[in-house]
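Given next are the chains, with one letter for each unit.
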Amino acid sequence: MFFTCGPNEAMVVSGFCRSPPVMVAGGRVLVVPCLQQIQRISLNTLTLNVRSEKVYTRHGVPISVTGIAQVKIQGQNKEMLAAACQMFLGKSESEIAQIALETLEGHQRAIMAHMTVEEIYKDRQKFSEQVFNVASSDLVNMGISVVSYTLKDIHDDQDYLHSLGKGRTAQVQRDARVGEAEAKRDAGIREARARQEQVSAQLLSETAMAQAQRDFQVQQALYDAAVSARKAQADLAYQLQVARTKQQIEEQRAQVLVVERAQQAQLQEHEIGRRERELEATVRKPAEAERYRLECLAEAQRSQMMMQAEAEAEAMKVAEAVAQPLLGTRRVTLVAGGSGDIGVSRLPGEILDVVTRLPAAVEALTGVSVTQATQKKSECQA
């Protein structure tokens, strides 16, 4: 059948087919009843209060020491577990703790005997390390490992430690008074030095401030001078620029006036031309036309008058040529044809025929018809 155990316990199986015995720490194992035997051993950590009463130290001063140790059987190391099983198998934890305690107490007493009270009291770490090292090397053969050891208390019945404490206390007090006096002296010296350094630092600071103030004033004066110079230059440049701008404005104004005058002159020329054209159109041309019309009319009238005069002259000449024969005629005999009027009633018709033939005669003599003269007069009047 199977048996199990926790990590703080170990099982040892011996008997049939178990030579050497099987050791299992924290696990399970198969056990054949009646043929095999199983035993358990504790692997718990044991706390031991190691007391050594009235042990004489190296100078013969008896003291008592109490230490605290933590020990346990090492189950992970097979050799140590085998040694522990050989030593403690079948024993209880209290029995194992007692064996380990007696071993530790013996080593503690032995170390106390080789050290002075002052060494144990002043260097507890050294004492604890020595006990730990010596006890570990001895207990490891039993399968027990020392986990830790700490010196807990030291006391004696002879007031040795108290007297040692008094002396130390007196020394400490003396050192404290000396230290306090030295501290006061050093404090006074440091305070005086601090005051001196403070005064020096203040003087240096004031000097630096005065120098900085002087440098600042010098720099400010230089800056003000530079600013004034720049301002004067800027003002002069501004005035020059204003003068140049005014000059440019005046030049532009002059150019504008020249352009305006040129434009006015051009406009005047255009106006004069327009007026001349208007005068030409409204006065000269109508006047010339009227003059031409009048000239033409006068020419026509003159031509008409000349033509009339010539016509009248020619008519008179014709009349005279026609009348000349009649002037010597004392009697006119009217001959009538076979038809028409007869006698005096026929005379007007004859005269009308003569007058009708007169323009043709005038045109034949002058080369100008009465109709052309009349048309020319009408054109001139138009």
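Here, every reference points to the structure presented above.
Residues numbered from 1 in each chain as written. Predicted model: local features only at pLDDT ≥ 70, side-chain atom pairs only at ≥ 80, totals over all residues. Heavy atoms only, no water.

Engineer: Sorry if this is basic, but what is going on with the pattern of salt bridges here?
Structural biologist: Pairing between side chains of opposite charge can happen when the charged atoms of each approach one another. With the rule as written, the count across this model stands at eight salt bridges. Across the pair Arg195 and Glu191 runs a salt bridge, and its minimum N-O distance is 2.8 Å. Of the two residues, Arg195 and Glu191 are both situated in helix H5 (residues 160-327); the distance of four residues between them amounts to about one turn of the helix. (Salt bridge = Lys/Arg side-chain N within 4 Å of Asp/Glu carboxyl O. Helix = DSSP H or I, 4+ residues; strand = E, 2+ residues; numbered from the N terminus.)

Engineer: Hey, could you run me through the pairing of strand S6 (residues 46-56) in this one?
Structural biologist: Successive residues of a regular strand alternate their side chains across the two faces of the sheet. One ladder, built from nine bridges, connects S6 with strand S7 (residues 62-73); its direction is antiparallel. In the strand pairing of S7, Thr47 is matched with Gln70. Linkage of S6 to S7, two consecutive antiparallel strands, is achieved through a turn of five residues, within which Gly60 is found at a positive phi near 85°. (Pairing = 2+ DSSP bridges.)

Engineer: Can you walk me through the nonpolar core in this structure?
Structural biologist: A general trend in soluble globular proteins is that nonpolar side chains are found buried together. Grouped together as the largest cluster of nonpolar side chains are 37 residues, with contacts concentrated most on Val71, Ile73, Phe127 and Ile144. For this core, the secondary-structure elements that each account for two or more residues are strand S2 (9-15), S6, S7, helix H1 (78-88), helix H2 (93-113), helix H3 (117-122), helix H4 (124-139) and strand S8 (144-155). With six residues, the single largest contributor to this core is H2. Those residues within four positions of Ile144 in sequence are excluded, and the remaining contacts are Val71, Lys72, Ile73, Met80, Phe88, Ile96, Ala100 and Leu139. Counting residues in hydrophobic clusters, the runner-up holds six residues, among them Met11, Val13, Val24 and Val29. (Core = buried A, V, L, I, M, F, W, Y, C linked by side-chain atoms within 4.5 Å. Buried < 20%, exposed > 50% of the residue type's maximum accessible area, 1.4 Å probe, protein only. Contact = heavy atoms within 4.5 Å.)

Engineer: For this particular structure, what's the right way to read a nonpolar patch on the surface?
Structural biologist: On the surface, a nonpolar cluster with roughly 270 Å² of combined accessible area is contributed by Phe16, Val32 and Leu35. Checked against the element boundaries, Val32 lands in the loop between strand S4 (28-30) and strand S5 (36-42). In this structure Val32 comes out as partly exposed when scored by relative accessible area, which is 32%. (Patch = residues over 30% accessible without salt bridge, like charges linked within 9 Å, V, L, I, M, F, W, Y side chains within 5 Å. Areas by Shrake-Rupley, 256 points an atom, 1.4 Å probe, with all protein chains shown as cover.)

Engineer: So what exactly am I meant to see when it comes to H4 here?
Structural biologist: For an α-helix, the turn length of 3.6 residues means that residues three or four places apart are oriented alike. Between its terminal C-alpha atoms H4 stretches 22 Å, which fits the 22 Å expected from 16 residues at 1.5 Å a residue. Residues of H4 that are buried: Phe127, Ser128, Val131, Ala135, Ser136 and Leu139. Projected onto a plane normal to the axis of H4, the buried residues spread over an arc of 150° and lie on a single side. Those residues of H4 that are buried are in contact with S7, H2, H3 and S8. (Expected span 1.5 Å × (residues − 1). Arc of directions from axis to C-beta.)

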